[in-house]
Amino acid sequence: TSDLIKVGEGFEYALQVNLVSYPWHAAVDYMKYVYLYGFLLMIVCMIKTIHTTNKAYRKQEELEQTRRDFTNAVAHELKTPLAIVRGLAENMDEEKSEEKNALYRREVVRQTEIMDELVKEMIFISKMDSNQIQLKEEMISAMELIDNQMKKIEPLINEKNLNVRYQHEDDFVIKGDASALEKAVFNILENAVSYNKPNGEIVIRVDKKGIVIENTSDPIPEEVLPHVCEMFYTGNKSRSSNSKHKGLGLYLVKRILDMHGLKFIIENTVDGVKVEIDYYD
């Protein structure tokens, strides 16, 4: 509202203005954007929460499935040597020949060694999965590492009359845990010996870039090759039948080398199978 007011004889006037405002109208108009933003933020948070929950649930399901698969695989692998031991023990009760009983006893010992090795490997895998293994950091000579592990399987090398050739220009130095790397190298070399042909050959090449181990074994089928480092994978029955590790050997190798930042490649060659170990570029 406005009024003209006479203020003196000179007919001077002043304009008086009375304003009536409603500030809550402006506040409500402004708050609608706040409410809209809050609503949209709530929707985004809900979607994010649902996605995270579903992801965690799927991860838990995968872990549970892996646990079930691992338990079933272990039970299956232990079942065979246990059945053999039981059968041998029953035969020893009925067998009168001391010569045959001595043979049975040796086989019992061999089967218990297989089970013992399997249990040790499962314990090692369990420790890796639960981050209980603290890797040491020491500078390790690959040539010395290989020499020490070759001495352990020398009787098997002699038994199969294998020719072992060393080729080295320089040493490959690895920064890591010696005991863990010994397991990996031992499994690789044992495979190179176990799957080798009688009177075959193993070639070990070492230089400052890495390690290459070749052996004259039957080639791995192409459909099996991508899976050889999977736990308990036995796609190639002819190769897995003589393996002491029952599908854990190369799985352990891959896990240990991964922990050390090392690349592990296994492939067929014209004469057999080749393994390469080196650092990622």
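Further up the page is the structure itself.
The structure contained in this document is the topic of the report that follows. (Residues numbered from 1 in each chain as written. Predicted model: local features only at pLDDT ≥ 70, side-chain atom pairs only at ≥ 80, totals over all residues. Heavy atoms only, no water.)

## Description of the overall build of the protein
Convention followed: A run of H or I in DSSP becomes a helix once it reaches four residues, and a run of E becomes a strand once it reaches two; helices and strands are each numbered from the N terminus. A contact between two residues is defined here by any heavy atoms of the two lying within 4.5 Å. The Shrake-Rupley method, run with a 1.4 Å probe, gives the accessible areas here. Residue values count only the displayed protein chains as cover.
What the protein contains, in helices and strands, is seven helices and nine strands. Across the protein, the fraction of contacts at a sequence separation of at least 24, relative to all contacts at a separation of at least 6, is 63%. Counting every atom, the protein has about 18,700 Å² of accessible surface; 56% of that belongs to carbon and sulfur.

## Focus: the pairing of strand E7 (residues 210-215)
Put simply, the test is: Working definition: with a 1.4 Å probe on protein chains only, accessible area under 20% of the residue-type maximum means buried, over 50% means exposed, and in between means partly exposed. Being paired, for any two strands, means DSSP has found at least two bridges between them.
By the criterion of burial, E7 is predominantly enclosed, with five of the six residues buried. Count of turn residues in the strand E6 (residues 201-207)/E7 antiparallel hairpin: two residues. Of the strand pairs in this sheet, E7 and strand E9 (residues 273-279) are connected by six bridges, and their pairing is antiparallel. Across the sheet, the residue bridging to Glu214 is Lys274, located in E9.

## Remarks on the pairing of strand E8 (residues 262-268)
Here E8 runs beside E9; their pairing, made up of seven bridges, is antiparallel. Within E9, the residue paired with Glu267 across the bridge is Lys274. Two successive antiparallel strands, E8 and E9, enclose a turn made up of four residues.

## A word on a nonpolar patch on the surface
Which entries qualify depends on this criterion: Candidates for patches are residues over 30% relative accessible area with no salt bridge; among them, like charges are joined within 9 Å and nonpolar side chains (Val, Leu, Ile, Met, Phe, Trp, Tyr) within 5 Å. We define a salt bridge as a side-chain nitrogen of Lys or Arg found within 4 Å of a carboxyl oxygen belonging to Asp or Glu.
Side chains of Leu36, Phe39, Leu40, Met42, Ile43, Met46, Ile47 and Ile50 sit close together on the surface and give an oily, nonpolar patch of about 760 Å² of accessible area. Residue position: Met46 is located in helix H1 (residues 23-94).

## Some words on the packing of helix H3 (residues 142-152) against helix H5 (residues 178-194)
As a reminder of what qualifies: Every axis corresponds to a line fitted to the C-alpha atoms, with the helix fit spanning only the stretch in contact, and the corresponding angles, defined between N-to-C directions, vary from 0 to 180 degrees. To sort the angles, those under 35 degrees are grouped as roughly parallel, those over 145 as roughly antiparallel, those from 65 to 115 as roughly perpendicular, and the leftovers as oblique. In this scheme the crossing of two helices becomes right-handed for a clockwise turn of the near helix relative to the far one and left-handed for an anticlockwise turn of less than a right angle.
The interhelical angle for the contact between H3 and H5, taken along N-to-C directions, is 55°, at an axis separation of 9 Å. When the interaxial angle is binned, H3 and H5 end up oblique. Relative to H5, H3 is oriented so that their crossing is right-handed. Side by side, H3 and H5 meet where Leu145, Ile146, Gln149, Met150 and Lys152 of the first sit next to Ala178, Leu181, Glu182, Val185, Phe186 and Leu189 of the second.

## Some details on H3
Just so we agree on the cut-off: In this context, the arc is that of the directions from the helix axis out to the C-beta atoms.
Here H3 has its buried residues at Ala142, Leu145, Ile146, Gln149 and Met150. Each buried residue of H3 sits inside an arc of 130° when the element is viewed along its axis, so together they form one side. Exposed residues lying more than 90 degrees from the buried face of H3 are Glu144 and Lys151. Residues of H3 that are buried make contact with strand E3 (138-141), helix H4 (154-159), strand E4 (163-168), H5, E6 and E7.

## Observations regarding helix H7 (residues 249-259)
Three or more residues of H7 are buried, namely Gly249, Leu250, Tyr251, Leu252, Val253, Ile256 and Leu257. The inward-facing, buried residues of H7 contact helix H2 (98-129), H5, E8 and E9. Just past H7, the residue Gly261 takes up positive phi, approximately 70°.

The analysis is restricted to geometry; functional conclusions fall outside its scope.
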